[in-house]
Amino acid sequence: MEESAQMSDIESPDVSDDNLIPELCLSGEDHGEDTPEELEPEMESWKVPSGLRFEEDYREEVHTGSKDASEGMEEELESSGESLERPISQSTKKNMSYADRVRILNVRRNLNQLDNIAKEKEMAIQKTREELDACHSRIEMLTTQQRDVERAIEIEKESGNTAAVYRLQAMHRRLCGELGNEKDLESKIAATVNENALEMWKIEIEQGNFSELRKQIKWEEEELDRHHQEQAEERLQKQEHRNRLLRRRWKATERKIKEAKEEYDQKFPKALEDAQKHHEKAVKFLKKSLERVREKKASEDREYEAYTQGRMDTVLSLKQNINSHREHLRILQALDKVNELGTQAQEKKVMEAIQAQGHNVAREVFLHKRQVEFEQKKKEFMEQQKARKIEIVARILKEEAQQEKVKKQSQPGVPCKKKLSDAERWRLKTWQYIKETCDDSGSALTQKSLYPISPRASLGERSSILEASEETVPESKGREKDEDQNKTLAEPEFTGIWNQECNISKVTDDRIDLKPLDAAELEKEIFPPDVEKLHSGLIRKHRVCGREFKGCPFYSKPSLIHFKDFDIGKTYKKKMVLINAFYGINFCKLVGVSEHLKDFFTVHLDPPGPMSAGMSCEVVVTFKPLINEDLEGEVTFLSQIGPFSTPLKCSTKKCVLALDKALIDFGTHVVGETISRTVTLTNRGALGTRFQVGKSTGADAAHAVTVSPSAEGMVNLFERTDSEKGSNYSLADSVTDKETVSICHSDEVIQQAASPEKRPELMPTNSNSDQFQQINSDVSIAGEKSVSSLDVMPLVHQSREETPEITLGKIIEGDIGPFSSIKLQIIFTPAVPGDVKADFQITFDNPDCKLLHFSVVAVSVAVPVWVRNPDVDLKICMYDMLYQDCIVIQSRATSALRLKFDVCKELANHMELLPKTGYIQAQSSFSVQLKFLPRHSLPEDAAKYFDEKTRVLQVPMTIIVSDQSRPVEFTVHAVVTTSDLEINPTEVDFGYCSIYEAVQTTITLTNKSILPQEFGFVGLQEFIEVQPNDGFGILLPLETLSLDVLFKPKKAKEYSFHLTCKTEINRKFKLSCKGIGVHPPLELSHSLVQFSATALNDVSTATLFILNSHVRLSRFNHFGPRIGDGEVAPVGPTSFQFLVPEDSPITIMPCVGTVLPGKKCLLEVSFRPVLCDQLIKQEAVHLLCQAAEAKAQMERKARELELQRKKEEAMVGKKDGKRMASISFLGQLSKDKNSTKPFEPPNPEDICPNSEEYIAAHLSLVRSFNDRFDRYVIPCLVASGVIDEKKGAENLSFSPYNNLYLELHCPSVAPAVVVTSNNGRTFFNFGDVAVGHRIKENVKIQNISQEQLVLQYSLLDPFGPFLLANPIRMLEDGESRDLVLTFSPEENKSFFETLELRSEKATLTLILTGRGVITSIACSVEGDVFDMGYVLAKETATATFKIENTSTLPLKYTIVLESLSPNRDRDLQELPPFLGSQGKTDLVGTQNYSGLSVFTVSPVEGIIALGKFQEFTVTFSPDHESLHYSDCIQVLLFDKEVIRVIQLKGAARNHIMYVEGGEPLDVPIESLAVTTSVAEETAKAESDKATNSILVSLASVQSETFVIPAVRELKVGAIRTTQFASKKNVEFAWESLPLLQLKGFTVDPVKGTVERGQTKSISVSWVPPAGSDPNQPVTGSAILTVKGDVKEIYSVYFMGRIVTQELPPS
């Protein structure tokens, strides 16, 4: 039954041939990567669609599409190969895609499945045939026995033996019943054999169909292996290429380091020289300050001299320290290089040694690095512990010293010592104690406290280090107070060393006090150790979570604190935000401002405490200016990882004056006109001034700043003031007025009032460099144009510098306020022709403002006639279109003049001036009409004036004036463009199209003009359509628009037509089209099916019809089914076949069929959305990674908690041993932490579909599923004829032109109800259940929608085994409930049902399956009787038998003895079997007198596993002599079914010998009354006279030709026992045999010996003597003496009969 179910699965659509060949039925767009050579064998081996033969042209289209796809793929591979930078030979063969590999695996799996099914079916057939042979054997045996019984009945009837007749008749009835059962079984087995053989034939046919596919798959697998090998080689080559790149980058890095070092060596002497200069300047200012102080307080002269000398000594010591430190750094760098080279060589040797030993080099190097890091961390940890011990001891000593100091101060008469001496004493005492406790700690700590100066460090960085390490001298409070009172604010008190220009690199010393001057003495004492700890922290690299922190620990917003345009006496405040840029927790402390800014600035910072990364705090900076000077400095802060500072800047009010242009060019003007231009004076500063405008004089003009157009931009970019925001400035700041008076550009010239010494030299930044270059280029071009324009003009008179023609306007002086501008007017009134030039200067009352200069140039001409607009611009013109314009001519003459208008001959056919001749009156104007009609020959005719690239036409026109030598010229400009539209392609072939469908093609419409054009397709016929907007629209200049052309034929014929596209200027463009209309023989009732929103794993079904309306053929009817103008399709049955893609959730039933003329066929289309298998596997990997990450976080937290606990124990513990143990534990913990292996995500392909991860991922995706919309187009093949069930569609010819297409719109949504138990599985397999038993399964469902659901259930089979115990009617939002399903099979077969849970939104389908199994066992007992043999009375014998579980489920068994049955007492009340019915037998025989069971069995109950066996032990314990001990065993399964009945037999003797055989002479039931005692029986047995009788009957078959002697056997046995160990063996002997031999009886052997535990057979044969009467039996007797422990005598009676046929043995 199982194999038949599998065959039905194969024949079903779910496991059909389509599944064995996945994705082969897809079109070229789904598998464009397949080459034609690969696609062709697949199409040949493809059985579904059942070997359809397409027409040749259709196959050519398929191959052409595949070639195009393959060529596109090859181009992509070539482009990707060219992009690689390494010389790797690319594979010429196309790599196999992921879809191809999946397809190969699927096909191989399905083929293996088909082979397995074939093997199983073959085994089933072989087993069934063996059963059939056994059944035939049993039938033959029963038939033979039946004939023998019938003959015996006839014999007994003739002899009148009624008892034997009844017995034989009962046997005959039993044989007839068994024979009937065997025949029924034979018929069933024969039917099964035939069914299996039929299925086997089908499987063999399927295997034959897939033989070509097997070859193809084998070849593809070989190709896949080769592809993997090529990929491995390619990866190896890529790795080698990456290694070469890394080596080159490393060499480049070394070269850069070397260059940086050389640059540093070059810059360092210059920095040293600057430092010396600053030092000299500092000494100068220091001496002056000391002289002023000495004049005020003579008593303090010696102290100031000592102070000055100390500072000078400090500078000299710093200089020496710098030189020594520089040499020291050079030595260290050389040593580091040598050590690094030695380390690299050593590592290389170690790696070679490891590689020579065959170990993993990367792993060994990694472990070694881990070990070194661990040792380094351990060493650092020990050093930190020592430093902390020293710090604790120092603090303790300081506290004790402080207490002693307080005690001494409290005692009167004790003079107080100086604070400095106390501090020195405490420091000496502390360091003495530290030296005694730890000798080497001080040196290490001192070394860590030094700032490392990198050779590549900038001067600013070294100056910041110097400022952080400068020494401050503590002064008394009284002195500070006096200094504050006598301080002069006109200039800084102390400069030089404290000036920020001092950039000498200094190294901190132990004597340096880094605390500000206003700090308390105790803080000064505690501060140096903290700074040393900070310096030691700066030496180490700051790493957080494996990342090294580089850069400033805090970011400030704004980055520069700038107080601009301040007033003395006012107070200004600004807020600054400090943001923690460190990766972890950081601290921030205010150190102070620059020394020379302390009198003006106050910084307020509330200590924020520990700040996490990204947190911020506010700093308030208060500025109270006391002097009117520019100030610069910085605010210094201290963080956990080092100091940092924020620049501070103060700018006074200034005048920043500028002109928007330095050159004013009026151009060329006619004498008598008045032209005005303006120049703008702008003040960008906060200080106003008064100005005066006048002409430049000789001395001033000589020094005037004359800015050429090419250099104005550069001057404008370099001359900037400090008042501008930031150092990055844009071009927009320099240009405020965009007015231009000539072709050349003019930029402003900014002059700053500050002195040149104090003005910083600002260079253009990177962001403005491009703008700077662009300005230069633009200015240079403009300059060239201006010069050329001036050179062209005729110069009648020489230029004059001083002329009244250029004058100033009304405003020549005035006040300009802060941040304001004033426009100055320049007037040009030409009086005499010639060049005019004038220079002007602007002076200011503010002495800090320099003069501003600007120049004015102009040209005046004297022409009586001129054109008002000398440049006539016709804009953009099209070919073959007429354009007109009016040209106005002015005259200043006093008389009328004759004008002649001349057009160059090249443009005579394109341009015309009307009228050609005219007169202009005095002091008036004249209008001329210009007509321009460009022809297509314009580029050829006027090549001199027409630029084909830019399509610009520039034509000079001439007006000849009488009595004037110089003609009047003007220029006509136009851009000429075409009006063409380009349609691509020029011809469209729609091919074959069904009248029920539409064919769409895309065309492109390109506007070749630089003007927008309106277009429209006009005159469209009813079968053609252009979209969008029905073919109307606007094309922008040079735009390309894609249009869709739809061809919908109305009848079958050949179409040839044109599409006309018309523009707004009435131009027409035509597109030729052709196509063939096809009328298919079949039609679909609906070509579009729109499914409703379907939940995942749910099914939506739609029904439609396929119609055959072709019922008759008439030569007068031209509208029948046909292709174009071809022949009409024949009338008759028409077949169809839908090609459904394998990986689509679409099912069409039936997908193949035949429709008769005038009939229709119902089609059922189903849509079942499911999740992609690859997507589920990727989600499974994602969930595994999340779980691993969560687990790692939990472990990390646990380790951190354990580490914290151990740290606390180490801090609390008092003994060093305990602390060291904690430290060792921490080291071990860190080692274990480092030794943990990172989680490696599994490969998605390794996720098994039946695994828990796969099911969990599927449930997760179902819960988070988003709505999706899919569209499918299913082709349907149509052919005339009937599909043969055996041959399929091989005898039909399908034409691709008759194809129908079914479009499906499939929206899918998330389900409303899901199964949360069983990992979300909806398939419930109850497994194998014994027939008649019941099991249940709890199914938990949950409502995952946002509303209440009302559930309905589908109807289960009322006579089936499945039952829904508790249907749930309502589910609230998010509610979960349990459904109880039960399975109770009543037959031995597999059951399958579906239970649908229906709601308004979706349907949840539960698949229920299970199999009813008839239990079966195999017992080692042959037959139904288990004989225990002979046993001595009151002794015990044991024997074993086995029962094997041959069913498909574990068996629970129970062993029941019939003698212990509760119905035993009732059965004993009935008559014995020998007195009652002859057919009834008693299973329970003689029992013990003691009441104990004769037979016992163990074990009594248990479970036998699948395929296992259980051994049972039977114990036989008789308490008296009897030959009829018997009992019955019943084997019960599951306490219900009796699966096997075994009869137990045994015999007990009082002596060790026994004789068995012959006819039974007593009954098996003994009386319950004890007639004789045991002693009497024993005495009787021991007496020699005790005899036993044995009857042996023999029947000899005799006929006329032959005689068959009768043969019987008697057995003499000896019981094995331990009671008679010394006795001999049993002996027997016959007596009185000669008389028997005369009667034909023969006994063999006559005497013999039987060993204990053995039996010996005595053969008795009888041959009737001659003349024997067949009707009279022959009798005789003999004595058999058996000697053992006693002697027994047996009287054996022999009776021989002659029969005509052989009787069955009794």
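Summarised in this report is the structure supplied together with it. Once a new chain begins, its residue numbering starts again from 1 and follows that chain's sequence as written. Reporting of local features is limited, given that this is a predicted model, to residues whose pLDDT is at least 70; pairs of side-chain atoms are given and counted only at 80 or more, and all residues count toward the totals for whole chains, interfaces and linings. The basis for the side-chain values is all heavy atoms of the structure; hydrogens and waters are excluded.

### Topic: the overall build of the protein chain
- Secondary structure elements are defined from DSSP: runs of H or I of at least 4 residues count as helices, runs of E of at least 2 residues count as strands, and each element is numbered from the N terminus. Of regular secondary structure, the protein chain possesses 24 helices and 79 strands.
- Here's how the labels work: a residue is buried when its accessible area is under 20% of the maximum for its type, exposed when over 50%, partly exposed in between, all with a 1.4 Å probe on protein chains only. For the protein chain, the proportion of its 1706 residues judged to be buried stands at 38%.
- In the protein chain, 74% of the contacts between residues at least 6 apart in sequence involve partners at least 24 apart.
- Surface accessibility follows the Shrake-Rupley procedure with a 1.4 Å probe radius. Residue values consider only the protein chains on display as shielding. For the protein chain, the computed accessible surface area is about 98400 Å², with 52% contributed by carbon and sulfur atoms. Pairs of residues are marked as contacts when any of their non-hydrogen atoms sit within 4.5 Å.

### Considering the packing of helix α7 (residues 211–296) against helix α8 (residues 301–357)
- Structural elements are reduced to axes, namely lines fitted to C-alpha atoms, with helices fitted over the stretch in contact, and the angle between N-to-C directions of any two is expressed from 0 to 180 degrees. Running from amino to carboxyl end, α7 crosses α8 at an angle of 175°, the nearest separation of the two axes being 10 Å. With respect to α8, the element α7 is oriented roughly antiparallel. Contacts between α7 and α8 involve K261, D265, F268, Q276, H279, L286, L290, V293 and R294 on the former and, on the latter, D301, Y304, E305, T308, V315, K319, I322, R326, R330 and Q333.
- Each residue belonging to the contact of α7 with α8 can be placed in one class, and the counts come to 7 nonpolar, 4 polar and 8 charged. Any angle that is under 35 degrees is reported as roughly parallel, and any over 145 degrees as roughly antiparallel; angles of 65 to 115 degrees are reported as roughly perpendicular and all others as oblique. Classification used: nonpolar for Ala, Val, Leu, Ile, Met, Phe, Trp, Tyr, Cys and Pro, charged for Asp, Glu, Lys and Arg, polar for all others including Gly.

### Notes on helix α5 (residues 98–159)
- Compared with the 92 Å implied by 1.5 Å per residue over 62 residues, the 91 Å span of α5 between its first and last C-alpha is a close match.
- Of the residues flanking the end of α5, it is G160, one or two places downstream, whose phi is positive at about 80°. Every helix has an expected span of 1.5 Å times one less than the residues it contains.

### Quick notes on a negative patch on the surface
- A cluster of acidic side chains, namely E940, D941, D947 and E948, defines a negative patch on the protein surface.
- Within the secondary structure, E940 is located in helix α18 (residues 938–941).
- Under the relative-accessibility criterion, E940 is labelled exposed at 69%. Excluding any residue in a salt bridge, patches collect residues exceeding 30% relative accessible area, merging like charges within 9 Å and nonpolar Val, Leu, Ile, Met, Phe, Trp and Tyr side chains within 5 Å. Here, a salt bridge means any side-chain nitrogen of Lys or Arg that lies within 4 Å of a carboxyl oxygen of Asp or Glu. Note that His is not counted, nor are the chain ends; the positive residues are Lys and Arg, and the negative ones are Asp and Glu. In this description, the location of a charge corresponds to atom NZ of lysine, CZ of arginine, CG of aspartate or CD of glutamate.

### Let's talk about the sheet that holds strand β58 (residues 1376–1383)
- Criterion used throughout: strands pair if DSSP finds at least two bridges between them. Here 4 strands make up an open sheet; going across it, the order is β51-β53-β58-β56 and the pairing antiparallel. What marks the edges here is a single partner per strand, and that holds for β51 (1313–1315) and β56 (1362–1364). Direction aside, neighbouring strands of the sheet carry axes that sit 30° apart on average.
- The pairing of β51 with strand β53 (residues 1335–1343) spans 3 bridges and is classified as antiparallel. When the bridges of β53 are listed, V1314 appears paired with Q1342.

### Here's the deal with the packing of aromatic side chains
- Aromatic rings from Phe, Tyr and Trp, taking only the six-membered ring of Trp, are treated as a pair when their centres fall within 6.5 Å; an angle between ring planes under 30 degrees marks them as stacked, one over 60 as edge-to-face, and anything in between as tilted. Under the definition given, this model contains 34 aromatic pairs.
- Here the aromatic rings of F566 and F623 are separated by 5.2 Å at their centres, their planes lie at 90°, and the arrangement is edge-to-face. Of this pair, F566 sits in the loop between β4 (561–564) and β5 (572–580) while F623 is found in strand β8 (residues 616–623), placing the two residues 57 residues apart along the sequence.
- When its relative accessible area of 1% is taken as the criterion, F623 is described as buried.
- Ring geometry for Y1430 against Y1554: centres 3.7 Å apart, planes inclined by 10°, an arrangement best described as stacked. Taken together, the residues span a long stretch of sequence, with Y1430 in strand β62 (residues 1425–1432) and Y1554 in strand β70 (residues 1553–1556) at a distance of 124 residues.
- Site record: aromatic cluster; members linked through ring pairs are F563, F566, Y572, F601 and F623.
- We count a charge as sitting over a ring when the NZ of a lysine or the CZ of an arginine lies within 6 Å of the ring centre and within 35 degrees of the ring normal. One Lys or Arg, K574, reaches over the ring of F563 and ends 5.4 Å from the middle of that ring.

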